[in-house]
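Each chain, written out:
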Amino acid sequence: RGTFKKFSFTGFILLGFSDRPQLELVLFVVLLIFYLFTLLGNTTIIALSHLDPHLQTPMYFFLSNLSFLDLCYTTSTVPQLLVHLRGADKSISFGGCVAQMFVSLGLGSTECILLGVMAFDRYAAICRPLHYTVVMHPRLCALMASASWVIGFANSLLDTVLTFLVPLCGRNKIDHFFCEVPPLLKLACVDTTANESELFFVSVIILLIPVALITVSYGRIVRAVLRIKSSAGQRKAFGTCGSHITVVSLFYGTAIYAYLQPSNNYSQDHGKFVSLFYTIVTPMVNPVIYTLRNKDVTGAMKKVLCRGHDSR
C-alpha cells in the first residue's frame, strides 16, 4: 500500500522516442504539420455538415461525428507528445495517465462502433433506397451515435480499471509516447495472464462485433450493386462506399495489430509506430479520403468560399 501511495504521487515517465534523439526533431516537425492538417480537415467537415443544407443527411451526420471523434482522439495524445519531443521533462502524473488512457480508449472504442453504424447507413442507402429516409430517421441516427459514445466509454472504463488494478511495484518508465494498455502491462511485477485474457476478450467484442456488422452490410451492398445493370450506376454506388471501406481498413488494421496480438509477440518499437499511425495519420487522412472525388463536399466548400468572398 505504501508503494502504491508513493508511486501515485511520482507518476510515470513516458520514454517515447528518447532512445532515438536524432529522430525527435524530425518527428516534432512532421507531427506538428500532421496535427495542424488534422485540425483543419476535420473542422472543415464539421463546419460544412452544419452550414450546407445538402449535407444535412444521415451520412454526413455520422461523418461529422467521426471528424469530431478524430479531433478529440488526436488531441488526447499529440500535443503532449510534441511537448515531450522538444523538452527534457517526459513525465505524466498518475491521474493524467489514467485520464489519458480512459479518454483515448473511449474515443477509439467509440470509433469502432461508429464505423459499424456508418456501414449500416450505407446498407440502408443502397439496399433500401425507397425506405432510406424512414429507416434512417434523425431520431434513430441520434440514438445510434449516442449509443456508440456510451458503449465506447463504458468499454474504456472497464479496460482502464482492469489495467490499473495490476500492481506495478513502483515501476514507472513506460516505453511508449502515451499511456496505452500493452506497454503499461509490461510494467507489471506479477503474472498478467488473467488480466490480458480479460482485456483480450473485451477487445475482441468491441472490435469484432462492428467488423461483423460491416462485413454483413457490405456483403449485401455488393449483391445489390451487382444487380444494377448500368456500369455508371454501379460506379456511383461503389463510390459512396469506397471511402468508408478505406477508412475501415486503415483503422481496424492498426487497431487489431495493436490490441489482438499475443503480448509475447508485442514489439515496443513496432507498437509505437503503429500507434503513431492510428493516433495522427488516420485522423489526418480521413477528411481527405471522404472529400476526394466527393462532389457534395467539394461543392459545399466552393459555395461557402464564394459566399465568404461575396460578403466582402
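What you see is a predicted model; the values in this text were computed from it and never measured.

J.: Mind laying out the UniProt feature "transmembrane region" (unreviewed entry) in the chain, listing which residues take part and the relevant values?
T.: Annotation from UniProt places "transmembrane region" (unreviewed entry) at residues 25-48, 60-78, 98-120, 140-158, 199-216, 237-260 and 272-292. Helix makes up 100% of residues 98-120 and strand 0%, whereas the separation of the span's terminal C-alpha atoms amounts to 33 Å. Secondary structure content for residues 237-260 is 96% helix and 0% strand, and the end C-alpha separation is 33 Å.

J.: Describe the state of the cysteines, listing the residues and the values that go with them.
T.: Here a disulfide denotes one covalent bond, and it connects the sulfur atoms of two cysteines. The full count for this structure, using the stated rule, is two disulfides. Between C97 and C179 runs a disulfide, and the two sulfur atoms are separated by 2.0 Å. Measuring the twist about the S-S bond at about -120°, one finds the C97-C179 disulfide to be left-handed. One end of the pair, C97, is in helix 5 (residues 94-127); the other, C179, is in the loop between strand 3 (173-174) and helix 8 (181-185), and 82 residues separate them in sequence. C179 carries the same exposure label as C97, and that label is buried.

J.: Account for the environment of K303, naming residues and giving values.
T.: Tracing the backbone through its elements, the reader meets K303 in helix 12 (residues 295-311). Sequence-wise, K303 and L51 are 252 residues apart; in three dimensions their C-alpha atoms are separated by 10.0 Å.

J.: Any details on the sheet that holds strand 1 (residues 12-14)? Residues and values, ideally.
T.: What links the strands of a sheet is backbone hydrogen bonding, and the strands pair in either a parallel or an antiparallel sense. One open sheet holds the three strands; their spatial order is 2-1-3, and the pairing between them is mixed. The strands lining the two open edges of the sheet, one partner per strand, are strand 2 (91-92) and strand 3. Where strand 1 and strand 2 come together, two bridges link them in antiparallel fashion. Looking at strand 2, one finds that F12 is bridged to I92.

J.: Kindly report on helix 3 (residues 58-75), identifying the contributing residues and their values.
T.: The end-to-end C-alpha distance of helix 3, which contains 18 residues, comes to 26 Å, matching closely the 26 Å that a straight helix rising 1.5 Å per residue would cover. Counting buried positions over the 18 residues of helix 3 gives 14, a clear majority of the element.

J.: Let's hear about a positive patch on the surface: which residues, and what values?
T.: Residues R128, R220, R223 and R227 make up a contiguous surface patch of positive charge. Note that R227 resides in the loop between helix 9 (193-226) and helix 10 (231-259). Here R227 falls in the exposed class, since its relative accessible area comes to 62%.

J.: Run through a nonpolar patch on the surface, naming residues and quoting values.
T.: On the surface, L25, V29, I33, F37 and L40 cluster together into a nonpolar patch covering about 480 Å² of accessible area. Among the secondary structure elements, I33 is positioned in helix 2 (residues 21-51).

Calculation notes
- Residues numbered from 1 in each chain as written.
- Predicted model: local features only at pLDDT ≥ 70, side-chain atom pairs only at ≥ 80, totals over all residues.
- Heavy atoms only, no water.
- UniProt positions renumbered as here; feature names shortened; annotations may be inferred.
- Helix = DSSP H or I, 4+ residues; strand = E, 2+ residues; numbered from the N terminus.
- Disulfide = S-S within 2.5 Å.
- Buried < 20%, exposed > 50% of the residue type's maximum accessible area, 1.4 Å probe, protein only.
- Pairing = 2+ DSSP bridges.
- Expected span 1.5 Å × (residues − 1).
- Patch = residues over 30% accessible without salt bridge, like charges linked within 9 Å, V, L, I, M, F, W, Y side chains within 5 Å.
- Areas by Shrake-Rupley, 256 points an atom, 1.4 Å probe, with all protein chains shown as cover.
- Salt bridge = Lys/Arg side-chain N within 4 Å of Asp/Glu carboxyl O.
- Lys, Arg positive; Asp, Glu negative; His and termini not counted.
- Charge placed at Lys NZ, Arg CZ, Asp CG, Glu CD.

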